[in-house]
Amino acid sequence: MWIITVFSNGENIKIFEFDTEKEAREAFHHIQGYKILTEMVCLEPSSSLVAI
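I will try to describe carefully the structure that is included in this document. What you are looking at is a predicted structure, and each value in this text was computed from that prediction instead of being measured.

Turning to the nonpolar core, a few remarks are in order. The biggest cluster of nonpolar side chains holds 7 residues, and these are Trp2, Ile4, Val6, Phe18, Ala24, Ala27 and Ile31. Counting only elements with at least two residues in this core, the list comes to strand S1 (2-8) and helix H1 (21-30). Tallying contributions element by element places S1 first for this core, with 3 residues. Those residues in contact with Ile4 that sit more than four places away from it in its chain are Lys14, Ile15, Phe16, Phe18, Ala24, Ala27, Phe28, Ile31, Lys35, Ile36 and Leu37.

Below is the structure:
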């Protein structure tokens with residue numbers, strides 16, 4: 001899972017979720033504001049997620 005977190009106007013935070021890296025990177029170029037692209041990786045079949 002790929003996540004884009006966007007900080008705009010110093011107050012608003014938006015989070016976008018994508019299934020593939022390609023989708024996320026395409027959207028990343030079109031989104032305005034300070035943004036962070038993160039890949040979420042599941043290490044075990046449990047509900048634990050780790051951000052890389």
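Don't stop here, the text continues.
If you walk through the whole model with that rule in mind, you get 1 aromatic pair. Measuring from centroid to centroid gives 6.0 Å for Phe7 and Tyr34, while their planes differ by 40°, and the two rings are tilted. Residue Phe7 is found in strand S1, and its partner Tyr34 is found in strand S3 (residues 34-42); the two are separated by 27 residues along the sequence. You can call Tyr34 exposed: its relative accessible area is 55%. The ring of Phe28 is capped by Lys35, whose NZ or CZ atom sits 4.9 Å from the centre of that ring.

Turning our attention to the side chain of Thr5. Structurally, Thr5 is set in strand S1. For Thr5, the contacting residues outside a window of four places in its chain are Ile13, Lys14, Ile15, Tyr34, Lys35 and Ile36.

This part is about the environment of Tyr34. Measuring from C-alpha to C-alpha, the distance between Tyr34 and Phe7 comes to 5.2 Å, with 27 residues separating the pair along the chain. Here Tyr34 is in contact with Thr5, Val6 and Phe7, once residues within four sequence places are set aside.

Thresholds, definitions, all that
- Residues numbered from 1 in each chain as written.
- Predicted model: local features only at pLDDT ≥ 70, side-chain atom pairs only at ≥ 80, totals over all residues.
- Heavy atoms only, no water.
- Core = buried A, V, L, I, M, F, W, Y, C linked by side-chain atoms within 4.5 Å.
- Buried < 20%, exposed > 50% of the residue type's maximum accessible area, 1.4 Å probe, protein only.
- Helix = DSSP H or I, 4+ residues; strand = E, 2+ residues; numbered from the N terminus.
- Contact = heavy atoms within 4.5 Å.
- Phe/Tyr/Trp six-rings, centres within 6.5 Å; stacked < 30°, edge-to-face > 60°.
- Lys NZ or Arg CZ within 6 Å of the ring centre and 35° of its normal.

Remember, this is a structural readout, not a statement about activity or role.
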